[in-house]
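What the coordinates show
One letter stands for each residue in the lines below.
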Amino acid sequence: MPFRRRKPAGHLERLRAVLWPSMGFRRSLRYLKLRLVRLSASPYSVAAGVAVGVAVAWTPFFGVHIIIAMALAFILRANLVAAALGTTFANPLTFPLIWAATWELGRLILGRNADNAAGQLDFAAIFSHMNFLHLWGPVLEPMTVGALIPGAISAAVAYFSVYAIIRGFRAQKHQMLTQQVTSRKAALGTTE
């Protein structure tokens with residue numbers, strides 16, 4: 001094989017590559033940025049879609065983030081693809097942070113003290129039945145309430161960041177096209 005390594009990667013090197021890619025996460029973030037700026041929607045639509053996706057990523061409803069984000073984006077007339085891309089904020093690297101933060105913040109907001117903490121909850125029994133009503137009270141309710149504040153803050157940050165990036169990219173592209181047209185007219189000797 002022409003592109004195979006001479007010395008195969010060992011188990012530790014493969015594990016390191018999974019946890020921290022050799023090119024870092026810059027490449028993934030750059031790809032995500034390119035996907036967003038190339039969407040053919042208004043800057044508001046793309047930024048609102050990403051903001052909705054990021055906000056939904058804080059909720060504990062793992063597995064239906066994209067569906068919830070796309071439904072909210074449809075209601076807000078935001079870009080559906082951008083909403084789906086925004087949900088990538090919740091990924092295996094951020095899940096522990098998101099779940100711990102929303103759990104603790106939700107318990108604090110709901111006024112549940114340390115006596116009702118995770119130490120006294122039997123998560124194995126709760127998850128073995130997978131009954132939504134048994135799961136709602138001790139687990140999902142505090143996480144949902146706790147997701148409101150960080151979700152709103154991160155959605156606002158995402159909206160303004162993406163809006164500025166897209167506006168800047170499109171202004172730069174417009175300026176470049178104007179310069180090209182001007183240079184072509186100058187090369188042809190026409191002035192209009």
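It should be noted that the structure appears before, not after, this text.
Described in the following lines is the structure provided in the data block. (Residues numbered from 1 in each chain as written. Predicted model: local features only at pLDDT ≥ 70, side-chain atom pairs only at ≥ 80, totals over all residues. Heavy atoms only, no water.)

Let's shift gears to the side chain of S45. Looking at the element boundaries, S45 is found in helix α3 (residues 43-57). Of the polar contacts made by the side chain of S45, one reaches the backbone nitrogen of N79; its length is 2.9 Å. In contact with S45, not counting residues within four places along its chain, are R77, A78 and N79. (Helix = DSSP H or I, 4+ residues; strand = E, 2+ residues; numbered from the N terminus. Polar contact = N/O pair within 3.5 Å; in protein donor to acceptor, adjacent residues only side chain to side chain. Contact = heavy atoms within 4.5 Å.)

Once that is clear, we can look at helix α6 (residues 95-110). An α-helical turn contains 3.6 residues, so a residue and the one three or four places further along point in the same direction. Taking 1.5 Å of rise per residue, 16 residues should cover 22 Å, and α6 covers 22 Å from first to last C-alpha, within 8% of that figure. When we look at burial in α6, the residues that qualify are F95, I98, T102, W103, G106 and R107. Down the axis, α6 shows its buried residues gathered within 145 degrees of arc, on one side only. Residues of α6 that are exposed and point over 90 degrees away from its buried face: P96, L97 and L108. Just beyond α6, the residue with positive phi is G111, at close to 75 degrees. (Expected span 1.5 Å × (residues − 1). Buried < 20%, exposed > 50% of the residue type's maximum accessible area, 1.4 Å probe, protein only. Arc of directions from axis to C-beta.)

Attention now goes to the pattern of salt bridges. Going through the model one piece at a time under the given rule, you end up with one salt bridge. The salt bridge involving E104 is made with R107; its shortest N-O contact spans 3.0 Å. Separated by three residues within a single helix, E104 and R107 lie in helix α6, roughly one turn from each other. Relative accessible area serves as the criterion here: at 45%, E104 is assigned to the partly exposed category. (Salt bridge = Lys/Arg side-chain N within 4 Å of Asp/Glu carboxyl O.)

A few words now on α3. Between its terminal C-alpha atoms α3 stretches 21 Å, which fits the 21 Å expected from 15 residues at 1.5 Å a residue. Burial runs high along α3: 13 of the 15 residues are buried.

Below, the discussion takes up the nonpolar core. Counting residues in hydrophobic clusters, the biggest one holds 13 residues, and the most contacted among them are L36, L39, V46, V50, A82, V162 and I166. The set of elements that each furnish at least two residues to this core consists of α2 (26-37), α3, α5 (80-86) and α8 (132-188). Residue contributions to this core peak at four residues, all from α3. Among residues more than four places away in sequence, those in contact with L39 are V46, N79, V81, A82 and R170. Core analysis: the second largest hydrophobic core is formed by seven residues, A48, V52, A73 and A78 among them. (Core = buried A, V, L, I, M, F, W, Y, C linked by side-chain atoms within 4.5 Å.)

Another point: the packing of α3 against helix α4 (residues 65-75). Closest axis-to-axis distance for the α3/α4 pair is 9 Å, and the angle between their directions is 140 degrees. Judged by the angle between their axes, α3 and α4 are oblique. Where α3 crosses over α4, the handedness of that crossing is right-handed. Listed contacts from α4 to V52, G53, V56 and A57 of α3 are H65, I68, A69, L72 and A73. Tallied by class, the residues present in the contact of α3 with α4 amount to seven nonpolar, two polar and no charged. (Axes fitted to C-alpha atoms, helices over the stretch in contact; angles between N-to-C directions. Parallel < 35°, antiparallel > 145°, perpendicular 65-115°, else oblique. Left-handed = near helix turned anticlockwise from the far one by under 90°. Nonpolar A, V, L, I, M, F, W, Y, C, P; charged D, E, K, R; others polar.)

Function-wise, these values are silent; they only describe arrangement.
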